[in-house]
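Analysis of the macromolecular model
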Amino acid sequence: MARVRWWAVLAAITVVFAGTLYLYALNWRPSDADYDLQGIDVSAANGSIDWAAVQAAGAKFGYIAATSGTDRDAAFEDNWRGAAAAGMRRGAVHVWSLCRGADEQANNFNTTVPKDPAALPSAVSLDFAAGCDTRPDRETLVAALSRYLAVVEANTRRPVILFVSRAFDSRYHITEAIDRPVWSAQNFFAPDYAARPWRMWRASDMRRIDGVSEPVNWDVVAK
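First, a word on what this report is: a plain description of the structure on this page. Keep in mind it's a predicted model, so treat the numbers as computed, not measured. (Residues numbered from 1 in each chain as written. Predicted model: local features only at pLDDT ≥ 70, side-chain atom pairs only at ≥ 80, totals over all residues. Heavy atoms only, no water.)

Of the regular secondary structure elements, the chain holds 7 helices and 9 strands. Here the chain holds 223 residues, and the buried ones make up 45% of them. Of the contacts made within the chain by residues no fewer than 6 positions apart, 62% connect residues no fewer than 24 positions apart. As presented, the chain carries roughly 11600 Å² of accessible surface, and 55% of it is formed by carbon and sulfur atoms. (Helix = DSSP H or I, 4+ residues; strand = E, 2+ residues; numbered from the N terminus. Buried < 20%, exposed > 50% of the residue type's maximum accessible area, 1.4 Å probe, protein only. Contact = heavy atoms within 4.5 Å. Areas by Shrake-Rupley, 256 points an atom, 1.4 Å probe, with all protein chains shown as cover.)

Below, the structure written as structure tokens:
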């Protein structure tokens, strides 16, 4: 009987510890002393956003999904206006599709995102997505991405940031092939998988903050 009680106590302690750790993770962010520019990246999946509350919670910028392949993000216009109204810096993100051509993706982005000299450099998100099984060889992909960058950068007059997942870079070594600022992602611990030092880091994909009802991606900029 005593042994049963011991295991019950141990189980209870484990549950409490796990819950405490989870709550800590939800509220964790890198130190402002280490990274003074911190913000979020969002899409329609985050629902309606109160950008004034987000700004009050400590976010200094917002990267906003604008397009994905040849589609437009349903919340882009609202988020683009909302971030500006809250006095936050804003940048637009295109989610690359391996199943669409470079020119049609670049034209979709250029016609969706208004020109704004004060905007942050745009980003292209590179990862494997459900619903697209196409896997071009590296040479073909690098050529397509280079074409996309040329078209978008001719319009924005700014270098595009490469937001590359670990899995995508492991397969295609994009950060080695294309010389652009790098945005890497890894929860809680600074990533080191890219061939170039990262300029931006998605430090958490589970942070809870005022203004967003669901967990949000939290990002920092290297000093």
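Turning to helix α3 (residues 76–85), its buried residues are F76, N79, W80, G82 and A83. Of the surrounding secondary structure, the elements contacted by the buried residues of α3 are β1 (38–42), α2 (51–56), β2 (61–68), β4 (89–95) and α4 (102–112). Positive backbone phi, at 80°, marks G87, one or two positions downstream of α3.

Moving on: the pattern of salt bridges. One pass over the full model with this rule turns up 8 salt bridges. One salt bridge connects R147 with D103, and the closest N-O pair in it is separated by 2.7 Å. One end of the pair, R147, is in helix α5 (residues 138–156); the other, D103, is in helix α4, with 44 residues separating them in the sequence. You can call D103 partly exposed: its relative accessible area is 35%. Residues R180 and E153 are paired through a salt bridge, measuring 2.7 Å at the closest nitrogen-oxygen approach. (Salt bridge = Lys/Arg side-chain N within 4 Å of Asp/Glu carboxyl O.)

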